[in-house]
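Fold and contact review
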Amino acid sequence: AVSTLQAQSENPTLKEVLGDVVKDIQAGAPLGDAFAKHPDVFSDIYINMVRAGEAAGIMDDILKRMALQEEKNSKMKKKIKGAMTYPMVILSLTVVAFFGLMIFVIPMIGKTIKDLGGEDAKLPPVTEAMLTASDFMVTKWYIVAAVLFLTIFALKKYIATPAGQYNLHRLVLRTPIIKMIVTKVAVARFSRTFASLMGAGVGVLEALRITGRAIGNRVIEKELADAAQKVTNGKQLSQALTGSKVFPAIIPQMLAVGEETGQIDKVLIKVADFYEEEVDTVIDSMSSILEPVIMVVLGAGVGLIVYSVMSPITSLATNIS
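Below is a summary of the structure that appears in this document. (Residues numbered from 1 in each chain as written. Predicted model: local features only at pLDDT ≥ 70, side-chain atom pairs only at ≥ 80, totals over all residues. Heavy atoms only, no water.)

Points about the overall build of the chain
Secondary structure summary: the chain contains 14 helices and zero strands in total. In sequence order, the chain lays out its α and β elements as α-α-α-α-α-α-α-α-α-α-α-α-α-α. Seen through its principal axes, the chain has C-alpha atoms that stretch 95 × 45 × 35 Å. Buried residues in the chain amount to 33% of all 321 residues. The long-range share in the chain, meaning contacts at least 24 apart out of those at least 6 apart in sequence, stands at 58%. Element-wise, carbon and sulfur atoms account for 64% of the exposed surface of the chain, whose accessible area totals about 19200 Å². (Helix = DSSP H or I, 4+ residues; strand = E, 2+ residues; numbered from the N terminus. Buried < 20%, exposed > 50% of the residue type's maximum accessible area, 1.4 Å probe, protein only. Contact = heavy atoms within 4.5 Å. Areas by Shrake-Rupley, 256 points an atom, 1.4 Å probe, with all protein chains shown as cover.)

See the structure below:
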């Protein structure tokens with residue numbers, strides 16, 4: 001089966017990886033161990049579920065679960081990327097237009113105003129601030145470029161550290177509106193991933209560890225690590241997550257039902273379906289709200305620039321008359 005997939009693969013990297021997997025299987029290694037040698041291609045979730053499927057003899061069911069989970073994750077990512085494309089394009093164009101105006105247009109207008117009113121002409125504070133900022137960008141452009149470069153470089157280096165990632169993720173979870181979307185996405189991902197691992201027969205502690213890493217948020221990962229420690233000390237998972245600052249109350253409630261009935265995976269799948277629909281609804285709403293908000297912000301920015309330019313010209317024209 002793996003040889004067939006290798007022959008049909010159009011991705012050269014995947015073709016090479018599957019070739020290595022085939023060699024390992026022929027040498028007697030289990031499929032899960034063969035996948036584990038390629039962590040950049042196969043995630044912890046995938047590897048552990050395959051190992052559980054091999055141990056229980058239900059590999060086909062496990063791979064169906066994984067396929068469904070990947071489809072759901074891919075759909076959610078595409079939805080979020082699609083919603084963010086328009087705002088990011090507009091923001092990028094706005095930044096380019098702003099620097100273009102400040103570097104090329106404002107200096108010409110400033111020269112015209114000074115030619116008409118003289119060097120001692122009294123200008124409105126907004127115009128003075130705009131001309132000062134424009135002059136600084138033109139004459140000291142290397143300082144602006146250096147500050148921008150160093151700021152971006154320092155932020156990227158800091159965010160690459162565990163402490164930086166934790167603080168960034170904590171900031172995201174405290175930001176209004178964004179917090180709501182991130183929390184819903186995290187709950188949906190936790191529910192589906194944890195349900196898949198439990199359904200495959202993976203232990204609770206191992207499932208919590210893998211799920212925490214899969215969510216992609218350091219704060220939530222720490223929350224699940226603390227919950228795992230409480231489970232180790234004898235508490236049920238529903239009790240460990242009760243009072244969580246991240247997970248809504250429905251999660252420990254549904255976990256308690258699953259623990260009582262022995263159907264944690266089925267209960268959490270229902271929760272995942274519900275929150276995935278919630279994410280779709282919120283993203284659609286945000287998309288429709290963002291467009292007019294962006295237009296208002298852009299309009300305000302353009303209005304400020306027009307006012308700073310037209311106000312002194314109008315005043316000078318009146319004085320000349």
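A look at the packing of aromatic side chains
Scanning the entire structure with this criterion turns up eight aromatic pairs. Relative to Phe42, the ring of Phe35 lies with its centre 4.1 Å away and its plane at 25°, an arrangement referred to as stacked. The pair Phe35 / Phe42 is uniform in exposure class, with both members buried. An aromatic cluster of at least three residues, connected via ring pairs, comprises Phe35, Phe42 and Tyr46. (Phe/Tyr/Trp six-rings, centres within 6.5 Å; stacked < 30°, edge-to-face > 60°.)

So, the packing of helix H8 (residues 162-172) against helix H11 (residues 218-232)
In a pair of packed helices, the angle between the axes and the distance between the axes together describe the arrangement. Where H8 contacts H11, the axes come no closer than 7 Å and their chain directions differ by 100°. It follows from the interaxial angle that H8 and H11 lie roughly perpendicular. Along the contact surface, H8 presents Pro162, Gln165, Tyr166, His169 and Arg170, while H11 presents Arg218, Val219 and Lys222. Looking at the contact of H8 with H11 residue by residue, the class counts come to three nonpolar, two polar and three charged. (Axes fitted to C-alpha atoms, helices over the stretch in contact; angles between N-to-C directions. Parallel < 35°, antiparallel > 145°, perpendicular 65-115°, else oblique. Nonpolar A, V, L, I, M, F, W, Y, C, P; charged D, E, K, R; others polar.)

Focus on a nonpolar patch on the surface
A cluster of nonpolar side chains, contributed by Phe136, Trp141, Tyr142, Ile143 and Val147, occupies part of the molecular surface with about 520 Å² of accessible area. Take Val147: it is sitting in helix H7 (residues 141-159). For Val147, a relative accessible area of 48% corresponds to the partly exposed category. (Patch = residues over 30% accessible without salt bridge, like charges linked within 9 Å, V, L, I, M, F, W, Y side chains within 5 Å. Salt bridge = Lys/Arg side-chain N within 4 Å of Asp/Glu carboxyl O.)

Some points on the pattern of salt bridges
Two side chains bearing opposite charge may form a pair once their charged atoms approach each other closely. In this structure the tally under the stated criterion is 11 salt bridges. The partner of Lys37 in a salt bridge is Asp24, with the nearest N and O atoms 3.3 Å apart. Linking Lys37 in the loop between helix H3 (31-36) and helix H4 (44-56) with Asp24 in helix H2 (residues 12-26), this pair joins segments that are 13 residues apart in sequence. Ionic pairing is found between Arg65 and Asp265, a salt bridge with its closest N-O pair at 3.6 Å. With Arg65 in helix H5 (residues 59-117) and Asp265 in helix H14 (residues 264-320), this residue pair connects regions lying 200 residues apart in the sequence. Its relative accessible area of 17% is what places Asp265 among the buried residues. What emerges from the salt-bridge pattern is a single network uniting Asp44, Glu206, Arg209 and Arg213.

Examining helix H6 (residues 125-139)
In a regular helix each residue adds 1.5 Å, so 15 residues correspond to 21 Å; H6 covers 21 Å between its end C-alpha atoms and thus fits that length. Along H6, the residues classified as buried are Thr127, Met130, Leu131, Ser134 and Met137. Along H6, the residues classed as buried sweep out an arc of 125° about the axis, all on the same side. In this structure, H6 carries Pro125 and Thr132 as exposed residues pointing more than 90 degrees from its buried face. (Expected span 1.5 Å × (residues − 1). Arc of directions from axis to C-beta.)

Some points on the side chain of Asn48
Summarising the element assignment, Asn48 is placed in helix H4. There is a polar contact of 2.8 Å between the side chain of Asn48 and the backbone oxygen of Asp44. Ignoring sequence-local partners within four residues, the contact set of Asn48 consists of Val202, Glu206 and Ile210. (Polar contact = N/O pair within 3.5 Å; in protein donor to acceptor, adjacent residues only side chain to side chain.)

As for helix H13 (residues 250-261)
Given a rise of 1.5 Å per residue, 12 residues ought to cover 16 Å, and the 16 Å separating the end C-alpha atoms of H13 matches this to within 8%. Turning to H13, its buried residues are Ile251, Pro252, Leu255 and Gly258. All buried residues of H13 fall inside an arc of 120° around its axis, so they share one side. Just downstream of H13 lies Gly262, where phi reads positive at about 75°.

A look at the nonpolar core
Of all hydrophobic cores here, the largest spans 43 residues; its most connected members are Phe190, Phe194, Leu241 and Phe247. Counting residues per element, the ones that place at least two in this core are H4, H5, helix H9 (178-199), helix H10 (204-215), H11, helix H12 (237-240), H13 and H14. It is H9 that contributes the most residues to this core, nine residues altogether. Beyond its immediate sequence surroundings of up to four residues, Phe247 is in contact with Val187, Phe190, Ile220, Glu223, Leu224 and Leu241. Core analysis: the next-biggest nonpolar cluster, separate from the first, contains 12 residues, Val2, Val22, Leu31 and Ile47 among them. (Core = buried A, V, L, I, M, F, W, Y, C linked by side-chain atoms within 4.5 Å.)

Overview of the environment of Gly53
Relative to the assigned elements, Gly53 resides in helix H4. With residues near it in sequence (within four places) discarded, Gly53 still touches Ile58, Met59 and Ile62.

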